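Summary of structural features
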Amino acid sequence: MLVFRQLFDPSSSTYTYLLGDGTRKEALLIDPVFEQVRRDEALLHELGLQLRWTLETHVHADHITGAWLLRRRCGSQIAVSAAGGAAGADRYLADGDSVAFGKRSLEARATPGHTDGCLTYVLDDQTRAFTGDCLLIRGSGRTDFQQGSAKALYASVHRQIFTLPAACLLYPGHDYNGLTVTSVDEERRFNPRLGGEIGEGDFVGTMDHLGLPHPRQMDIAVPANLRCGQPEGDLAASADPDWAPLNYTFGGLWEIRPHTLAEMLDKVQIVDVREPHEYTGALGRIPGARLMPLAGLGAGVEQLDRERPVVTVCRSGARSGRAVVVLQKAGFGKVANLAGGMLLWRAEGCIVEGGAQ
Ligand SMILES: N[C@@H](CCC(=O)N[C@@H](CS)C(=O)NCC(=O)O)C(=O)O
Ligand SMILES: [Fe+2]
């Protein structure tokens, strides 16, 4: 069983792809983004997958890869193109090499043109291919920096991508218009730069006159990606909260487990965001919890100490998850949601004040 997820980084419009063997529980990520590493890790964890590899389609100019950080956090190995010039990887790929995850695999195809070292990854059964910034949906990667060559890109698309089966789905490295997927057949027919009867000369003429500004992050991203995303200096930006062992969820929240919270009740402020009748109702409450219903939370935040961690709680963990977002927006840095709310708190036998016994 193939596990497949398309993930998006809105700030750079980058797609990251998760591919997993659902039986063997092994996975890889294509083009992870540094700032999204926690999200990707949470998804892998929630799906029960072990990350074996991170793969790069090329040395990116517009965002920093999450490869190095994922290796550090998940023990994955880094695979990059041998022709890309990046140092610090575990494996250097050339045209025709394959990378396995469980019983499945991807074939690397050299598709230079956007950069010298661009690779397209083709799934073993040729039902999907990941084209990086070589072929975009109804577009192509730019060819005006990082050894770009419009001639080379034209040849790559025609020899390595348009020769795949017509029904093969194509997933790009970016999309700037909200499009998500295309197919070989569609791009052969409708790509306005490369499809139909468009010849090499037509393509080169188009690419020479795009007049695009350089990516905003280019001066930071290229050197960092030549180190596979290893930061210079310390790692403060990617450090986890240190006030408690917390879990990060794919939904984007830090959560605390009932037993972890039960052992540190005196060190945190507990904000119960249920309605008053629930606070005094049958489920009871956590000793010391302060009643601040979600609707009035924004107006009441000044009653809270900004230096002490805050844990939010409700019946099931849903409203309190929303409360975390409200508190973060109000500038609170140390906030976590009680996983499973009062229901899980009681189910795990933690101490309750009031309520039915
Ligand atoms: N405004 C974007 C520009 C991104 C950009 O130039 N993207 C490259 C891929 S790394 C590209 O080929 N873009 C094609 C296009 O914009 O048509 C940024 O600053 O990051
Ligand atoms: Fe790129």
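Here's a quick rundown of the structure. (Residues numbered from 1 in each chain as written. Chains lettered and ligands numbered in written order. Predicted model: local features only at pLDDT ≥ 70, side-chain atom pairs only at ≥ 80, totals over all residues. Heavy atoms only, no water.)

Section: the sheet that holds strand β2 (residues 14-21)
Put simply, the rule is: Any two strands are treated as partners once DSSP identifies two or more bridges connecting them. Secondary structure elements are defined from DSSP: runs of H or I of at least 4 residues count as helices, runs of E of at least 2 residues count as strands, and each element is numbered from the N terminus. Structural elements are reduced to axes, namely lines fitted to C-alpha atoms, with helices fitted over the stretch in contact, and the angle between N-to-C directions of any two is expressed from 0 to 180 degrees. In what follows, residue pairs with any heavy atoms lying within 4.5 Å of each other are defined as contacts.
With mixed pairing, six strands are arranged side by side in an open sheet as β1-β2-β3-β4-β5-β6. Looking at strand neighbours, the two that pair on one side only are β1 (2-9) and β6 (91-93), the edges of this open sheet. For this sheet, the mean angle separating the axes of adjacent strands, direction not counted, is 20°. Helix α1 (residues 37-46) contacts β1, β2, β3 (26-30) and β4 (50-55) of the sheet and is inclined by roughly 160° relative to β1. Strands β3, β4 and β5 (77-81) of the sheet are contacted by helix α2 (residues 67-74), whose axis makes an angle of about 160° with β4.

Looking at the pairing of β4
This is how it is decided: Assignment of crossover handedness uses the view with strands pointing away from the viewer, where a clockwise path from the first strand over the helix to the second indicates a right-handed crossover.
Examined bridge by bridge, β3 and β4 share five bridges and lie parallel to one another. Looking across to β4, one finds that Leu28 is bridged to Trp53. Looking at chain direction, β4 and β5 are connected through three bridges and run parallel. The residue bridging Trp53 from the neighbouring strand is Gln77, located in β5. This β-α-β element, β4 to α2 to β5, shows right-handed connectivity.

Brief notes about the coordination of the iron ion (ligand 2)
Here is the rule: We call an atom a donor if it is N, O or S and sits within 2.8 Å of the metal, or 3.2 Å for Na, K and Ca. Water is not counted, so some sites may look partial. Here a site with four donors is tetrahedral if all angles are between 85 and 135 degrees, and a site with four or six donors is square planar or octahedral if opposite donors are over 155 degrees apart and the other angles are between 65 and 115; anything else gets the irregular label. Burial classes follow relative accessibility: with a 1.4 Å probe on protein chains only, a residue under 20% of its type's maximum area counts as buried, one over 50% as exposed, and anything between as partly exposed.
Donor atoms from the polypeptide that bind the iron ion (ligand 2) are His58 (NE2), His114 (NE2) and Asp133 (OD), placed at 2.0 to 2.3 Å. Taken together, the four donor atoms coordinating the iron ion (ligand 2) span angles of 89 to 164° at the metal, a pattern that classifies the geometry as irregular. The sequence pattern describing where the donors of the iron ion (ligand 2) fall on their chain is H-x55-H-x18-D. Of the two residues, His58 is situated in the loop between β4 and α2 and Asp133 in the loop between β10 (128-132) and β11 (135-136); the sequence distance between them amounts to 75 residues. Neither residue differs from the other here; His58 and Asp133 are each classed as buried.

Regarding the pattern of salt bridges
Under the convention used in this document: Here, a salt bridge means any side-chain nitrogen of Lys or Arg that lies within 4 Å of a carboxyl oxygen of Asp or Glu.
Evaluated as defined, the whole model comprises 19 salt bridges. As a salt-bridge pair, Glu348 and Arg257 come within 3.1 Å of each other at their nearest N and O atoms. Of this pair, Glu348 sits in the segment after α11 (341-347) while Arg257 sits in the loop between β16 (254-256) and α7 (258-262), and the two are 91 residues apart along the sequence. Overall, Arg257 belongs to the partly exposed group, its relative accessible area being 38%. Linking Glu353 and Arg285 is a salt bridge whose minimum nitrogen-to-oxygen distance equals 3.1 Å. Here the residue Glu353 occupies a position in the segment after α11, and Arg285 occupies one in the loop between α8 (276-279) and β18 (290-291), the gap between them amounting to 68 residues. Under the relative-accessibility criterion, Glu353 is labelled partly exposed at 34%. The exposure class of Arg285 is buried, given its relative accessible area of 17%.

Observations concerning the sheet that holds strand β20 (residues 335-338)
Pairing is mixed in the open sheet, where six strands are placed in the order β15-β16-β20-β19-β17-β18. Each edge of the open sheet is held by one strand with a lone partner, namely β15 (247-248) and β18. Relative to β20, β16 is paired through two bridges, and the arrangement is parallel. Its bridge partner lying in β20, Glu255 is registered against Asn337. Contacts from helix α10 (residues 318-329) reach β19 (310-313) and β20, with the element oriented near 175° to β20.

A closer look at the packing of aromatic side chains
Aromatic rings considered in pairs are described by the distance between their centres and by the relative angle of their planes. Definition in use: Side-chain rings of Phe, Tyr and Trp (the six-membered ring for Trp) are treated as a pair once their centres are within 6.5 Å; stacked means planes under 30 degrees apart, edge-to-face means over 60, and tilted covers the remaining angles. Here, over-ring charges are defined by two tests on the NZ atom of lysine or the CZ atom of arginine: distance to the ring centre within 6 Å, and angle to the ring normal within 35 degrees.
Counted by the stated rule, this structure contains ten aromatic pairs. Pairing Phe8 with Tyr15 gives two aromatic rings, centres 5.2 Å apart and planes at 50°, and the pair type is tilted. Through a chain of ring-to-ring contacts, the aromatic side chains of Phe4, Phe8, Tyr15, Tyr17, Phe130 and Tyr171 assemble into a single cluster. Above the plane of the ring of Phe4 lies Arg128, whose end atom (NZ or CZ) is 4.4 Å from the centre. The side chain of Arg285 reaches across the aromatic face of Tyr279, ending 5.0 Å from its centre.

Describing the site of ligand 1
This is how it is decided: Near, as used in this document, describes a residue that has one of its heavy atoms within 4 Å of the molecule or strand being considered. As used in this structure description, the phrase polar contact means that two N or O atoms lie within 3.5 Å; if the pair is within protein, one of them must be able to donate a hydrogen and the other to accept it, and residues adjacent in sequence are counted only when both atoms belong to side chains. Areas reported here follow the Shrake-Rupley algorithm with a probe of radius 1.4 Å; residue values treat only the protein chains shown as occluding.
Taken together, Asp62, His114, Asp133, Gly141, Arg142, His174, Tyr176, Leu212, Pro215 and Arg216 are the residues near ligand 1. Measuring from a nitrogen atom of ligand 1, one finds a side-chain N or O atom of Tyr176 at 2.8 Å. Separating an oxygen atom of ligand 1 from a backbone N or O atom of Arg216 is a distance of 2.8 Å. Computed on the free molecule, ligand 1 has an accessible area of 510 Å², of which 81% lies beneath the protein chains in the complex.

Some words on α10
Selection criterion: Helices are assigned an expected span. That span is 1.5 Å times one less than the residue count.
The first and last C-alpha atoms of α10 sit 17 Å apart over twelve residues, in line with the 16 Å expected at 1.5 Å per residue. Buried residues in α10 make contact with α9 (294-300), β19 and β20.

A few points about the packing of α1 against α2
Our working definition: Comment on the angle field: the value is read as roughly parallel under 35 degrees, roughly antiparallel over 145, roughly perpendicular from 65 to 115, and oblique elsewhere. Note: crossing handedness is left-handed where the near helix turns anticlockwise from the far helix by less than a right angle, and right-handed where it turns clockwise. The residue classification treats Ala, Val, Leu, Ile, Met, Phe, Trp, Tyr, Cys and Pro as nonpolar and Asp, Glu, Lys and Arg as charged. All others, Gly included, are polar.
Between α1 and α2, whose axes approach to 10 Å, the crossing angle comes to 45°. By the angle between their directions, the pair α1 and α2 is classed as oblique. Like other packed secondary-structure pairs, α1 and α2 cross with a definite hand, here right-handed. Between α1 and α2, the residues in contact are Val37, Arg38 and Glu41 and Leu69, Leu70, Arg73 and Cys74, respectively. Here the contact of α1 with α2 is built from residues that sort into four nonpolar, no polar and three charged.

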